[in-house]
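As a plain string of letters, each chain reads:
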Amino acid sequence: MSMQCKDFVVGLLDLCRNTEEVEAILNGDAELNDNFASTGRPSLIRLKLAIKYELKKFVAHPNCQQQLLSIWYENLSGLRQQTTAVKLLVVLGVAVGLPILALLYWIAPSSKFGKIIRGPFLKFVAHAASFTIFLGLLVMNAADRFEGTTLLPNMTIHDHPAQLFRMKTTPFTWMEMLIISWVIGMIWAECKEIWSQGPREYLLEPWNLLDFGMLAIFVTSFIARFMAFWHAYTAQSYVDERYTDLSNITLPFEIEYYRLARVYWVPSDPQLISEGLYAIAVVLSFSRIAYILPANESFGPLQISLGRTVKDIFKFMVIFIMVFVAFMIGMFNLYSYYLGAKQNNAFTTVEESFKTLFWAIFGLSEVKSVVINNGHKFIENIGYVLYGVYNVTMVIVLLNMLIAMINSSFQEIEDDADVEWKFARAKLWFSYFEEGGTLPVPFNLVPSPKSVVSLAYRIKQLLLTPLHRHKDGEKEDTELNEVRNTSRQSKTSRNCFFLFLFQLGKQKSSDYRGSPRSSRYRRIMKRLIKRYIIKAQMDKESDEVNEGELKEIKQDISSLRYELLEEKSHETEQFAELLRRLGETLSRQQNH
């Protein structure tokens, strides 16, 4: 049933002969939903459903892609026919002039220039340029350590004799302040997206989970860094109140700690935790580049294959973790009593057991990890067996199974690369079709006049809603009282009530059917369905003709076979008669 429905909608889209019919299929009925958004572009409500339920052939259909392209290059129709070099120049110009463009849009969002900036293509370019600048800030933040740090782990520095060393390492630099502003802007953009989509729809998108995780780690890193700065600042305030020079001064340990070099910091120091989380967040930030790759025809299929590979790895991890944990606990139980009695510390602790088995997958563990020095051969032999079974199971079986799964997924994408890429590109485009979010990060943190007016309008609607509900309630009570009075007079209350509902529904139905937009939509769909039925009948007749011709060919072959068999038998009889006559002639000649 599902496959038939998919084929049906694709078949209807195949039979469209003009833009009006394509729009009718993609937008749905104008009366049941707002056919045009506040921006004036079609709502594409049915195309959204197709993307949600992954009807890839429908979304990748040329008629559908043509409609999406026209919306993507809205107000920039001339750019659509330009070469890639011209488009790259436009992207570079937007990236360079991003602050000026944001300021002009902030001042006049409803002008002609503002409408151009609000178009999906330039909105995409502006957001991509903003994220590229953010990645550049992450790189430049570590530029002073590209050739190695001048401050070694065992060194301390200070600007004046009374300054603590940690007051040189914990304060935020101006580059880090810019990064924080970008992170706050991205958090605000994600909050708006959650508000518009709803929490459930937001969490169903994997890229949103990546963004949420990246921003959460960034925020945690900055909080830990701020805690380290606050503790150092508190210690520095204690020193400033009592001392002007720390030379030959013995401080309390909680204050002296902030004078120590990095090698003496405790592992749970907030600054160390901040640096570790920051490194993870940087890796996730660069992986976010894959989100915009479907916009390109060359990199889009590769990104889709990479995403499918990640899904396969997560499926594989269930079996992998089950086998890995089993051998890790087993080997630890076997060798946990031999700490110091082995050639190395492998399997003597849970941590060492994890490290040894993990790196054994890549061939970086040694066989001597199971050798015991005091000659307990039984334990050692069991260790050899378990370690060998582990390597055979993980390296030969499971890893090759994972490689086969990845190859299968990649081949599926390659076999249908065009459909997969166009579907992924349509999902990317749709995220920029929505109204709002025009200003990229961090310019979205500045409230624009448009947002202020929109907020005032929503507050007004919120305040007036109870009043409207009260009036509607009074109106409904009046109508119900009239119905009750009529029902008392006729002593048929239930019939009158249902009659009232029927009259109301009939009136709404007649209004709905009488609207010109709805009647136009119904005419278009009736025309398309008629074409679909005619085409199906023609295909069926063609199939019947082909079946009849096939039967005739089978009959001809069968009759020809019988004819050949009869002719063969007749010729065989003639040949036998000739042989008999030849034998008689030869026998007479011999007798003579």
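None of the values given here were measured: they were computed from a predicted structure.

Digging into the overall build of the protein chain
At step 1: Scanning the protein chain for helices and strands turns up 23 helices and zero strands.
At step 2: Burial statistics for the protein chain: of 592 residues in total, 32% are counted as buried.
At step 3: Within the protein chain, residue pairs in contact and separated by at least 24 positions form 72% of the contacts whose partners lie at least 6 positions apart.
At step 4: With an accessible surface of roughly 37900 Å², the protein chain has 63% of that area assigned to carbon and sulfur atoms.

Some points on a positive patch on the surface
At step 1: A contiguous patch of positive charge on the surface is contributed by Arg522, Arg523, Lys526 and Lys530.
At step 2: By secondary structure assignment, the location of Lys526 is in helix α23 (residues 516-591).

Considerations on the UniProt feature "transmembrane region" (unreviewed entry) in the protein chain
At step 1: Here the UniProt-annotated "transmembrane region" (unreviewed entry) positions come out as residues 85-108, 120-143, 172-191, 212-233, 276-293, 313-336 and 384-406.
At step 2: For residues 172-191, the helix share is 90%, the strand share is 0%, and the end-to-end C-alpha distance is 25 Å.
At step 3: Taken as a whole, residues 212-233 contains 100% helix and 0% strand, while its terminal C-alpha atoms sit 31 Å from one another.

Overview of unusual backbone geometry
At step 1: Between Val441 and Pro442 the backbone carries a cis peptide bond, its omega angle lying at 0°.
At step 2: The topology assignment puts Pro442 in the loop between α20 (417-433) and α21 (449-490).
At step 3: Of note in the backbone geometry, Glu54 takes a positive phi value of approximately 55° without being a glycine.
At step 4: On the secondary structure map, Glu54 appears in the loop between α3 (45-52) and α4 (56-59).
At step 5: Residue Glu54 is classed as partly exposed on the basis of its relative accessible area of 46%.

Regarding the pattern of salt bridges
At step 1: Evaluated as defined, the whole model comprises 24 salt bridges.
At step 2: For Lys368, the salt bridge is made with Glu366, and the minimal N-O distance between the two is 3.3 Å.
At step 3: The exposure class assigned to Glu366 is partly exposed, which follows from its relative accessible area of 42%.
At step 4: By sharing partners, the salt bridges in this structure join Lys56, Arg308, Glu412 and Glu420 into a single network.

Details of the side chain of Ser353
At step 1: Mapped onto the secondary structure, Ser353 falls in helix α18 (residues 350-360).
At step 2: Each residue touching Ser353, except ones within four places of it in the same chain, is listed here: Met328, Met331, Phe332 and Phe347.

So, the packing of aromatic side chains
At step 1: Using the criterion set out here, one finds 31 aromatic pairs in the structure.
At step 2: Each member of the aromatic cluster is reached from another via a ring pair, and the members are Phe316, Phe320, Phe324, Phe327, Phe354, Phe358, Trp359, Phe362 and Tyr390.
At step 3: Above the face of the Phe172 ring, Arg225 is positioned so that its terminal group lies 5.1 Å from the ring centre.
At step 4: The positively charged end of Arg288 is found above the aromatic ring belonging to Tyr291, 4.3 Å away from the centroid.

A look at helix α8 (residues 98-107)
The α-helix advances 3.6 residues per turn, and as a result positions three or four apart in sequence lie on the same side.
At step 1: Within α8 the residues assigned to the buried category are Leu98, Leu101, Ala102 and Tyr105. With its buried residues spanning 100° around the axis, α8 presents them on a single face. Residues of α8 that are exposed and point over 90 degrees away from its buried face: Ile100 and Ile107.

Regarding the environment of Ile107
At step 1: Counting through the fold element by element, Ile107 comes out in helix α8.
At step 2: Between the C-alpha atoms of Ile107 and Lys450, which are 343 residues apart in sequence, the distance is 9.1 Å.

Topic: the packing of helix α12 (residues 174-197) against helix α14 (residues 206-242)
At step 1: Packing of α12 against α14 brings their axes to within 10 Å, and their N-to-C directions diverge by 140°. One finds that α12 runs oblique with respect to α14. Pair α12 / α14 crosses with left-handed handedness. Contacts between α12 and α14 involve Glu176, Ile179, Ile180, Val183, Met186, Ile187, Glu190, Glu193 and Gln197 on the former and, on the latter, Asn208, Asp211, Met214, Leu215, Phe218, Val219, Phe222 and Arg225.
At step 2: Split by residue class, the contact of α12 with α14 holds 10 nonpolar, two polar and five charged.

Re a nonpolar patch on the surface
At step 1: On the surface, a nonpolar cluster with roughly 500 Å² of combined accessible area is contributed by Val139, Met140, Phe146, Phe286, Ile289 and Ile292.
At step 2: Mapped onto the elements of the fold, Phe286 is located in helix α16 (residues 270-287).

Quick look at α16
At step 1: Spanning 18 residues, α16 covers 26 Å between terminal C-alpha atoms, matching the ideal 26 Å at 1.5 Å per step.
At step 2: Gln271, Ser274, Tyr278, Ala281, Val282 and Ser285 are the residues of α16 that are buried. Buried residues in α16, looked at end-on, bunch into an arc of 110°, giving them a common side.
At step 3: Close packing links the buried residues of α16 with α10 (120-140), α11 (166-169), α12 and α14.
At step 4: Residue Asp269 occupies the N-cap position of α16, its side-chain oxygen lying 2.9 Å from the main-chain nitrogen of Gln271.

Concerning the packing of helix α17 (residues 300-335) against helix α19 (residues 377-415)
At step 1: In contact at an axis separation of 9 Å, α17 and α19 are set at 170° when each is read in the N-to-C sense. Between α17 and α19, the crossing angle belongs to the class labelled roughly antiparallel.
At step 2: Residue classes in the contact of α17 with α19 are distributed as 27 nonpolar, five polar and four charged.

Remarks on a negative patch on the surface
At step 1: Negative charge collects at one region of the surface, where Glu563, Glu566, Glu567 and Glu571 lie side by side.
At step 2: The class of Glu566 is exposed, set by a relative accessible area of 55%.

Comments concerning the side chain of Asp312
At step 1: Along the chain, the position of Asp312 falls in helix α17.
At step 2: The buried charged residue Asp312 lacks any salt bridge partner; its closest oppositely charged side chain belongs to Lys315, at an N-O distance of 4.5 Å.
At step 3: Beyond its immediate sequence surroundings of up to four residues, Asp312 is in contact with Leu402, Met405, Ile406 and Ser409.

Side note on the environment of Met227
At step 1: Mapping Met227 onto the fold places it in helix α14.
At step 2: Overall, the relative accessible area of 41% leaves Met227 in the partly exposed class.
At step 3: When the C-alpha atoms of Met227 and Gln271 are compared, they prove to be 8.1 Å apart, with 44 residues separating the residues in sequence.

About the criteria used
- Residues numbered from 1 in each chain as written.
- Predicted model: local features only at pLDDT ≥ 70, side-chain atom pairs only at ≥ 80, totals over all residues.
- Heavy atoms only, no water.
- Helix = DSSP H or I, 4+ residues; strand = E, 2+ residues; numbered from the N terminus.
- Buried < 20%, exposed > 50% of the residue type's maximum accessible area, 1.4 Å probe, protein only.
- Contact = heavy atoms within 4.5 Å.
- Areas by Shrake-Rupley, 256 points an atom, 1.4 Å probe, with all protein chains shown as cover.
- Patch = residues over 30% accessible without salt bridge, like charges linked within 9 Å, V, L, I, M, F, W, Y side chains within 5 Å.
- Salt bridge = Lys/Arg side-chain N within 4 Å of Asp/Glu carboxyl O.
- Lys, Arg positive; Asp, Glu negative; His and termini not counted.
- Charge placed at Lys NZ, Arg CZ, Asp CG, Glu CD.
- UniProt positions renumbered as here; feature names shortened; annotations may be inferred.
- Phe/Tyr/Trp six-rings, centres within 6.5 Å; stacked < 30°, edge-to-face > 60°.
- Lys NZ or Arg CZ within 6 Å of the ring centre and 35° of its normal.
- Arc of directions from axis to C-beta.
- Axes fitted to C-alpha atoms, helices over the stretch in contact; angles between N-to-C directions.
- Parallel < 35°, antiparallel > 145°, perpendicular 65-115°, else oblique.
- Left-handed = near helix turned anticlockwise from the far one by under 90°.
- Nonpolar A, V, L, I, M, F, W, Y, C, P; charged D, E, K, R; others polar.
- Expected span 1.5 Å × (residues − 1).
- Polar contact = N/O pair within 3.5 Å; in protein donor to acceptor, adjacent residues only side chain to side chain.

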